[in-house]
Amino acid sequence: MDWTLIFSRAVEAGIGSEAIIYALAAIGLNVQFGYTGLLNFGQAGFLAIGAYAIAVTVSTFGLPFFLGVGIGLLLAVLMALLLGIPTLRLRADYLAIVTIAAAEIVRLVVRSVALSDTFGGTDGLQAFSGSFYDMNPYPPGEYGIPPIIGFDNRSMWVLTVGWVLVALASFVLFMAMKSPWGRVLKAIREDEDAVRSLGKNVFSYKMQALVIGGVIGSMGGFIFALSRSAVQPDLFSTDLTFYAYTVLILGGAARILGPIVGSMLFWLLLIFIGTGMEEAVNSGAITFITVNQVGAIRLMLVGLGLMLLLIYRPQGIFGDKREISIDAR
Amino acid sequence: MHAESLPAGKAAALKAFEGMAAEPGVPKPDPILVVDNVVRRFGGLTAVNVNHVEIQRGSITALIGPNGAGKTTFFNQLTGFDTADEGQWTFNGQAMNGVSAYKVARKGMVRTFQLTKALSKLTVIENMRLGAQAQKGENFFRGLIPGLWRGQEDEITLQAEDLLQRFKLDAKRDDFAGSLSGGQRKLLEMARALMGNPELVMLDEPMAGVNPALTQSLLGHVKNLRELGMTVLFVEHDMDMVRDISDWVIVMAQGEVIAEGPPDSVMSDERVVDAYLGAHHDAPLSAEEEERQLHEAEAELDKESTE
Amino acid sequence: MRRAVIAFTAFMGGLIFVFLAGASTAWAAEGEEVKGTLRIQGQPVAGVKITVATDADAPVGEATTGADGAWKVAVDKAGSYKVTLDQATLPAGKALRDPNRGTLTVQVFEGNARNVLFGLVDANAPPQGQQGDGGGSSYWTRVAQLVFEGLNLGLIIALGAVGLSLIFGTTGLTNFAHGELLTIGAFLAFFFNTVVGLHLLIAAPIALVIAAALGWGQDRFFWGQLRRRKTGLISMMIISIGLALFLRALLLFLFGGGGESYDQYVAQAGIQIGPISATPKSLIAMGIEIVVLIAVGLALTYTRLGKATRAVADNPALASSSGINVDRVIRLVWASGTCIAALAGILLGTTQNLNFQMGQQVLLLMFAGVTLGGLGTAFGALVGSLVVGMFVQVSTLWIPPEMKTIGALVVLIIVLMVRPQGILGRRERIG
Ligand SMILES: Nc1ncnc2c1ncn2[C@@H]1O[C@H](COP(=O)(O)OP(=O)(O)OP(=O)(O)O)[C@@H](O)[C@H]1O
Ligand SMILES: [Mg+2]
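Predicted, not measured: the structure shown is a model, and the values here were computed from it.

Reading the values: rules and limits
- Residues numbered from 1 in each chain as written.
- Chains lettered and ligands numbered in written order.
- Predicted model: local features only at pLDDT ≥ 70, side-chain atom pairs only at ≥ 80, totals over all residues.
- Heavy atoms only, no water.
- Helix = DSSP H or I, 4+ residues; strand = E, 2+ residues; numbered from the N terminus.
- Buried < 20%, exposed > 50% of the residue type's maximum accessible area, 1.4 Å probe, protein only.
- Contact = heavy atoms within 4.5 Å.
- Areas by Shrake-Rupley, 256 points an atom, 1.4 Å probe, with all protein chains shown as cover.
- Axes fitted to C-alpha atoms, helices over the stretch in contact; angles between N-to-C directions.
- Parallel < 35°, antiparallel > 145°, perpendicular 65-115°, else oblique.
- Left-handed = near helix turned anticlockwise from the far one by under 90°.
- Nonpolar A, V, L, I, M, F, W, Y, C, P; charged D, E, K, R; others polar.
- Donors = N, O, S within 2.8 Å, 3.2 Å for Na, K, Ca; no water.
- Phe/Tyr/Trp six-rings, centres within 6.5 Å; stacked < 30°, edge-to-face > 60°.
- Lys NZ or Arg CZ within 6 Å of the ring centre and 35° of its normal.
- Pairing = 2+ DSSP bridges.
- Expected span 1.5 Å × (residues − 1).
- Buried area = accessible area lost by both parts, 1.4 Å probe.
- Salt bridge = Lys/Arg side-chain N within 4 Å of Asp/Glu carboxyl O.
- Polar contact = N/O pair within 3.5 Å; in protein donor to acceptor, adjacent residues only side chain to side chain.
- UniProt positions renumbered as here; feature names shortened; annotations may be inferred.
- Core = buried A, V, L, I, M, F, W, Y, C linked by side-chain atoms within 4.5 Å.
- Patch = residues over 30% accessible without salt bridge, like charges linked within 9 Å, V, L, I, M, F, W, Y side chains within 5 Å.
- Lys, Arg positive; Asp, Glu negative; His and termini not counted.
- Charge placed at Lys NZ, Arg CZ, Asp CG, Glu CD.
- Domains from an automatic or database assignment.

**Observations concerning the overall build of chain B**
- Of the regular secondary structure elements, chain B holds 12 helices and 10 strands.
- Buried residues in chain B amount to 49% of all 307 residues.
- Taking all contacts inside chain B whose residues are at least 6 apart in sequence as the whole, residues at least 24 apart take part in 68%.
- Carbon and sulfur atoms make up 51% of the accessible area of chain B, which totals about 14400 Å².

Structure, rendered in structure tokens:
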């Protein structure tokens, strides 16, 4: 068994683009679910919007990269408004069902044959990240701490931009949650009628949370697209949203650092276990499963982990038991 | 009534009600709230059907009625928490029907809930701060720059601490509201509602579940609100309390206002007696009655066992 | 609680053990490859030759579709490939929908398998693309056909949705793992059918009994325990998501990522009834669905248990204080809900391929049905599901079939805007 390989893959995953993407997705969910109590089950849709906005703008229409970024942010705002208007006045589970449906709509639209001239169908789109990597300040070469961590200069650029986005989003939320604005959100999470009776426009605050969370999610989509230099519709399935929830709950909802630590740990563990098992199978240490089944076992562990977390430690790593956001009522 | 000198607010209120006809829908000299033809139906049940009612400014008005009379539903209509099927009402002369709940509160008409809604995972002081109106820091962008709202926050905190002291909650300042007792929560909810400096305070059963010792101090607070120039409309089942603090009583039964009048005389109104007796069919059985039923049941059992 | 979780895990472990024997060999391949399943109207087409070449026309490999219509060709690296279907090898009467698309160029990504689809039609069927203008009668034939298919889909959704709705009504749980109950039912039948070798008509009832037991056990050892711990509804909802992920991965582990089918009732010739063409098996399936749904409706309305269920859904505290054993009712609801869902899965499996995602794929439609009808009312779920199924199919008159699900979801969102409580729901009390 190649332990260096196992550790190296795990550590790289823990700080790599996957960790960034899921951290951003979970930070968005933290605003919505963690602080405000809104069940957005369509975060994958927001990531898809971000990713496809860049891809379509650059690859299909040949327009500038930053225009794509702007369009992505704008579309995320629009999508949040569109979802919020019919559902934010209704019970929590309606929002869950409508958002999950909306994310599926986004995925089905971008993968459709009829629109494949624009979105590339099930193949998705490539060749749009050129101008992003043209801005890369890192000269070609290997970076990191051999033999464990090693990234090429392209990855370094994505990671730098990605972690800066994570830090920025977290800082803004840190300030916002300390302010009276954040106080209103936390109060809504507990009892929106009480907040309404105190003269706060609950609908507007929920909408703001939905928009802010969605915009942060779409930034995750940017990193998703840029880190792979390709987008494919089926990467944005509902499971992405559910993993982001797992990440959030693992780290601790309603905590600024929760999603970040949750995401790093999630990917570290997932890849460690996955690679570890693969290596064990390849080296003959484990004989009763095949390499192909390792992926399924990994997924099972995610599901099992999510269940056990909610049963035994719903506040995650960082949460305060007295102030867990889940089920305020 | 009372020989000793009355507080100014009480005296003014009593003067306003002097010689007023004890009739449902009677006009008041200076109404803060005027309600016309409010109807709310749930399927076949008409929960509220109020023809006309006025609330006198600066008074303490009690809204009483048997369980299920529609008092809470009536509150919900007036404060925008539920949409009335028909009707209109004005607050300070402004039409309020169809106005959403938060706007109603901002206009100065604040309510509390029958089932307390303390925000239990916020601390007591945060609960209080939330009640303040027009906070600069409640805007997302301004909230990001503490310098813009710190000053106002400090003022709000002072006001909150003052209120907490009056409601004897200052010792609990930094506890989670969830750790308070039921009565303390009622107090907190009332104090929090006052943070917005409302003109009309609508309390849905503020004394329910509060222990008798605390009740007295709560009553004091309510009376004090009137002295501060506020108008109070409250729902209550305890008649002694109603008699003690209210200047005027409105009686609801089966959704309608069936009587109005001063607390001393309205209880003897025969419509009120009917309404309450009608609703009290399942009052405790008398001793003889109980005995008789027991015998019947035993006889039945005997019969069964011999068969 | 710990005991409960151990019990549940053991339960799941037992499940794995039972299934390990049946774990088939059709694993999802890793590494780059091009693959596909050749089908016409859901029925596999065997013996068709497919060749793969690189962009520069260097041959890579070829394959012939198997009995299940599947084929695959491994390629050694990511890149662009040309995939050609040898039209001469197509069975008589079958043809490419677009004869010019016999060669497709596809992109294969690193580490990914690439699915390639060839659209086939019955050569003697009228060519597509001229409905609507080809005169009134063919248009109405198409409408009738779609209404029929909509009913078919709606009934399957309804079977799943009734259980979902009853569970929601009695426990408040929005069960995201309900789709997996369909899949489990389908695969249980598959296990007894193809691995043990029983005829599907025997395998299916066995599967249903096991499914009911699973449903009962799920509540007895898992959800019931969580309720006792006063776990909040939103936590439970997210726990159900975890369970769904787990079960789906378990099915993937046991049966692989490919499609499977039962040994019986795979290919059947269609028969013509008036304007509608249908396979006998789908008619029988619909018959079963209708009978079961009517039985559920009658049971809810007239039996003691049914009345108790509705009482619990209406007001658990009141039901409990009037002498109803709420826990028992809920457990029976779980057992019967799972059993009906499993039936839906099995019936779905006779008309399409079985795969570990089949339940997840209809979950959203079930949610749409339940929400449309009004959360928590079983009859609402039934009506809502039929509307959804009908809408999904009939909408293909105007929109491309690949977009039909979108139509249903958009309608769901619009209905919520107009009538938030759903078709048969009612509003809640405040204050
Ligand atoms: N959302 C609702 N749906 C159906 N019926 C309702 C709803 N809200 C209230 N009702 C009914 O309306 C009637 C009036 O209820 P309401 O709560 O206003 O009474 P109340 O006077 O406040 O009684 P109590 O003194 O017991 O609090 C009751 O019969 C109640 O069952
Ligand atoms: Mg009431």
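**A short note on the packing of helix α3 (residues 178–195) of chain C against helix α5 (residues 233–255) of chain C**
All names here are of chain C.
- Interhelical geometry of α3 versus α5 gives an angle of 25 degrees and a closest axis separation of 10 Å. When the axes of α3 and α5 are compared, the pair comes out roughly parallel. The two elements α3 and α5 meet at a crossing, and its hand is left-handed. Across the interface between the two elements, Glu180, Thr183, Ile184, Phe187 and Phe190 of α3 pack against Ala244, Leu247, Arg248, Leu251 and Phe255 of α5.
- Of the residues in the contact of α3 with α5, the class split is seven nonpolar, one polar and two charged.

**Let's talk about unusual backbone geometry**
- With an omega dihedral of 5 degrees, the bond running from Pro146 of chain A to Pro147 of chain A counts as a cis peptide bond.
- Residue position: Pro147 of chain A is located in the loop between β2 (142–143) and β3 (151–152).
- Backbone geometry at Ala254 of chain A places phi at a positive 60 degrees, although glycine is not the residue there.
- For Ala254 of chain A, the position within the fold is in the loop between α12 (238–251) and α13 (258–282).
- Positive phi, normally seen in glycine, also occurs at Glu205 of chain B, with a value near 50 degrees.
- Along the chain, Glu205 of chain B turns up in the loop between β7 (200–204) and α8 (212–227).
- Judged by its relative accessible area of 9%, Glu205 of chain B falls in the buried class.

**Some points on the coordination of the magnesium ion (ligand 2)**
Residue and element names in this part refer to chain B.
- In the first shell of the magnesium ion (ligand 2), the protein supplies Thr72 (OG1) and Gln114 (OE1), at 1.9 to 2.2 Å from the metal. Pair noted here: Thr72 is in helix α2 (residues 71–78) and Gln114 is in the loop between β6 (109–111) and α4 (124–130), with a separation of 42 residues, a long-range link.
- For Thr72, a relative accessible area of 9% translates into the label buried.

**Re the packing of aromatic side chains**
- Tallied over the entire structure, the rule returns 29 aromatic pairs over all chains.
- On the numbers, 5.5 Å between centres and 50 degrees between planes, the contact of Phe7 of chain A with Phe272 of chain A is tilted. With Phe7 of chain A in helix α1 (residues 3–15) and Phe272 of chain A in helix α13, the pair connects residues that are 265 residues apart, well separated along the chain.
- Accessibility expressed as a relative area gives 41% for Phe7 of chain A, which makes it partly exposed.
- Ring centres of Trp223 of chain C and Trp334 of chain C lie 6.1 Å apart, and the angle between their planes is 10 degrees; on these two criteria the pair is classed as stacked. Here the residue Trp223 of chain C occupies a position in helix α4 (residues 200–228), and Trp334 of chain C occupies one in helix α9 (residues 326–351), the gap between them amounting to 111 residues. For the pair formed by Trp223 of chain C and Trp334 of chain C, the shared burial category is buried.
- The ring centre of Trp216 of chain C lies 5.9 Å from the NZ or CZ of Arg331 of chain C, which sits over that ring.

**Quick notes on the pairing of strand β7 (residues 79–85) of chain C**
- Taken together, the five bridges between strand β4 (residues 49–54) of chain C and β7 of chain C define a ladder with antiparallel strand orientation. Bridge pairing in β7 of chain C places Thr51 of chain C opposite Thr84 of chain C.

**So, helix α10 (residues 358–373) of chain C**
All names here are of chain C.
- Helix length check: α10 (16 residues) gives 23 Å between terminal C-alpha atoms against 22 Å at 1.5 Å per residue, within 8%.
- Most of α10 sits inside the fold, with 14 of its 16 residues counted as buried.
- Looking one or two places after α10, you find Gly374, whose phi comes out positive at around 110 degrees.

**A short note on the interface of chain A and chain B**
- Listed per partner, the contact involves 30 residues of chain A and 32 residues of chain B.
- When chain A packs against chain B, close to 2800 Å² is buried across both sides, 62% of that on carbon and sulfur atoms.
- When the buried area of chain A at its contact with chain B is split by residue, Arg183, Glu190 and Leu198 of chain A rank highest and sum to 25% of it.
- The interface formed by chain A and chain B holds four salt bridges in total.
- For Arg183 of chain A, the salt bridge identified is with Glu126 of chain B, shortest N-O distance 3.1 Å.
- Linking chain A with chain B are 15 residue pairs in polar contact (both at pLDDT 80 or more).
- Counting residues per element, the ones that place at least two in the side of chain A that touches chain B are α8 (153–178), α9 (180–190), α10 (192–197) and α11 (202–228) of chain A.
- A per-element tally of the side of chain A that touches chain B places α9 of chain A first, with seven residues.
- Grouping the amino acids of the side of chain A that touches chain B by side-chain chemistry returns 14 nonpolar, five polar and 11 charged.

**Considerations on the UniProt feature "transmembrane region" (unreviewed entry) in chain A**
- In the numbering used here, UniProt assigns the feature "transmembrane region" (unreviewed entry) to residues 6–25, 37–55, 61–85, 156–176, 209–228 and 295–312 of chain A.
- End C-alpha to end C-alpha, residues 209–228 of chain A measures 29 Å, and it is 100% helix and 0% strand.

**Side note on the sheet that holds strand β1 (residues 31–42) of chain B**
Residue and element names in this part refer to chain B.
- The antiparallel open sheet is built from four strands, whose spatial order is β2-β1-β4-β5. Single-partner strands in this sheet number two, and they are β2 (45–56) and β5 (94–95).
- Of the pairings in the sheet, the one linking β1 to β2 comprises 10 bridges and is antiparallel in character. Within β2, the position partnered with Leu33 by the bridge is Ile55.

**Re the nonpolar core**
- Counting residues in each nonpolar core, the largest one holds 222 residues, and the members touching the most others are Phe41 of chain A together with Phe176 and Trp223 of chain C.
- Considering each element in turn, this core owes the most residues, 18 residues, to α5 of chain C.
- Non-local contacts of Trp223 of chain C, meaning those with residues more than four positions away in its chain, are made with Leu173, Asn175, Gln218, Met236, Ile239, Ser240, Leu243 and Trp334 of chain C.
- Counting 47 residues, the second largest nonpolar core, distinct from the first, contains Ile60, Ala118, Met128 and Met239 of chain B.

**Observations regarding a positive patch on the surface**
- A cluster of basic side chains, namely Arg304, Lys307, Arg310 and Arg328 of chain C, defines a positive patch on the protein surface.
- Structurally, Lys307 of chain C can be placed in helix α7 (residues 304–314).

**Regarding the pairing of β1 of chain B**
Residues and elements named next belong to chain B.
- The antiparallel hairpin formed by β1 and β2 contains two residues in its connecting segment, where Gly43 sits at a positive phi of about 60 degrees.
- Of the strand pairs in this sheet, β1 and strand β4 (residues 86–91) are connected by five bridges, and their pairing is antiparallel. Counterpart to Asp36 in the pairing with β4 is Gln88.

**Topic: the domain arrangement of chain B**
All names here are of chain B.
- You can read the domains of chain B as domain 1 (3–118 + 194–268) and domain 2 (123–179).
- Summarising the inter-unit geometry, the C-alpha centres of domain 1 and domain 2 are found 28 Å apart.
- Counting residues at the interface gives nine residues for domain 1 and 12 residues for domain 2.
- Here domain 1 meets domain 2 over a buried area of about 920 Å², counting both sides, of which 65% is carbon and sulfur.
- Together, Leu194, Met195 and His221 form the three largest contributors to the area buried by domain 1 at its contact with domain 2, with a combined 62%.
- For the pair domain 1 and domain 2, the interface holds zero salt bridges.
- Taken together, the links from domain 1 to domain 2 amount to three residue pairs in polar contact (both at pLDDT 80 or more).
- Taken together, the residues that form the side of domain 1 that touches domain 2 break down as four nonpolar, four polar and one charged.

**Notes on the packing of helix α5 (residues 92–110) of chain A against helix α12 (residues 404–418) of chain C**
- Running from amino to carboxyl end, α5 of chain A crosses α12 of chain C at an angle of 150 degrees, the nearest separation of the two axes being 9 Å. Where α5 of chain A crosses over α12 of chain C, the handedness of that crossing is left-handed. Together, Tyr94, Ile97, Val98, Ala101, Glu104, Ile105, Leu108 and Val109 of chain A of α5 of chain A and Thr405, Ile406, Leu409, Val410, Leu412, Ile413 and Leu416 of chain C of α12 of chain C make up the contact between the two elements.
- Classifying every residue of the contact of α5 of chain A with α12 of chain C gives 13 nonpolar, one polar and one charged.

**Overview of the interface of chain A and chain C**
- Across the boundary between the two partners, chain A contributes 48 residues, which contact 53 residues of chain C.
- When the two sides are added together, the surface that chain A and chain C hide from each other amounts to roughly 4700 Å², 76% of it contributed by carbon and sulfur.
- At the boundary of chain A with chain C, the tally comes to five residue pairs in polar contact (both at pLDDT 80 or more).
- A total of 15 residues in the side of chain A that touches chain C trace back to one element, the largest contributor, which is helix α14 (residues 291–312) of chain A.
- The residue makeup of the side of chain A that touches chain C, split by class, is 34 nonpolar, seven polar and seven charged.

**Re the sheet that holds strand β5 (residues 59–64) of chain C**
Residue and element names in this part refer to chain C.
- Spatial ordering of the open sheet is given by β5-β4-β7-β9, a layout of four strands whose pairing is antiparallel. The sheet terminates laterally at β5 and β9 (103–108), the two strands that pair on one side only. Each strand axis lies, on average, 25 degrees off the axis of its neighbour in the sheet, ignoring direction.

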